[in-house]
Amino acid sequence: MEDLTIGEVAQRAGIHASAIRYYESVKILSAPRRINGRRRYDSSVFEQLAVIQMARQAGFTVAEIQTLFNGFAVEASASDRWQTLARQKLVEVDALMRRTQAMKQLLEEVLLRCRCLTLEECGRHLCDH
């Protein structure tokens, strides 16, 4: 079993030690054992960090990641956890995509149609754009 310091874990995982301490404080990373008051990790920490990183890349919030790790019955499989949270997140992503598309459309219309000389004039003709 490896006996890694927080600095070694941070370096190998490509994250800051402060992120590791934060993940521990919000209970999404298991607290490590301590030797003489110093954190000591085994290599299983990299698997936990990989799951956290994947969840972050998928757009999950810290609260959602906490739910992934701690918000299900102990016997719930990883697959069941991901399925539940992914369904919820996809609803959010779909809404975000609709909003983004509407923003893009508005910006494209402004580029094509706005000929106002002042912002005041633009405000008066906002519905025309």
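The rules behind each value
Residues numbered from 1 in each chain as written. Predicted model: local features only at pLDDT ≥ 70, side-chain atom pairs only at ≥ 80, totals over all residues. Heavy atoms only, no water. Axes fitted to C-alpha atoms, helices over the stretch in contact; angles between N-to-C directions. Helix = DSSP H or I, 4+ residues; strand = E, 2+ residues; numbered from the N terminus. Parallel < 35°, antiparallel > 145°, perpendicular 65-115°, else oblique. Left-handed = near helix turned anticlockwise from the far one by under 90°. Contact = heavy atoms within 4.5 Å. Nonpolar A, V, L, I, M, F, W, Y, C, P; charged D, E, K, R; others polar. Salt bridge = Lys/Arg side-chain N within 4 Å of Asp/Glu carboxyl O. Buried < 20%, exposed > 50% of the residue type's maximum accessible area, 1.4 Å probe, protein only. pLDDT = per-residue confidence, 0-100.

(A) A look at the packing of helix α1 (residues 6-13) against helix α3 (residues 44-57). At a minimum axis distance of 11 Å, the contact between α1 and α3 shows a crossing angle of 50 degrees. Here α3 runs oblique to α1, going by the angle between their axes. Of the two possible hands of crossing, α1 and α3 adopt the one that is right-handed. In contact with Val9, Arg12 and Ala13 of α1, α3 contributes Val45, Phe46 and Leu49. Of the residues in the contact of α1 with α3, the class split is five nonpolar, no polar and one charged.

(B) Molecular detail of the pattern of salt bridges. Tallied over the full model, the rule gives six salt bridges. In this structure, the salt-bridge partner of Lys89 is Glu92, at a minimum N-O distance of 3.1 Å. Of this pair, Lys89 and Glu92 are both found in helix α5 (residues 78-113), three residues apart, which corresponds to roughly one turn of the helix. Accessibility expressed as a relative area gives 8% for Lys89, which makes it buried. The residue Lys104 makes a salt bridge to Glu108 at a minimum N-O spacing of 3.7 Å. Of this pair, Lys104 and Glu108 both sit in helix α5, four residues apart, roughly one helical turn. For Glu108, a relative accessible area of 40% puts it in the partly exposed group. Members of the salt-bridge network, linked through shared partners, are Glu64, Lys89 and Glu92.

(C) Structural detail: the confidence of the model for the protein. A residue-level look at the protein finds 95% of positions with pLDDT of 70 or above and a mean pLDDT of 92. The spread of mean pLDDT over the elements of the protein runs between helix α6 (residues 119-124), the lowest at 82, and helix α2 (residues 17-25), the highest at 97.

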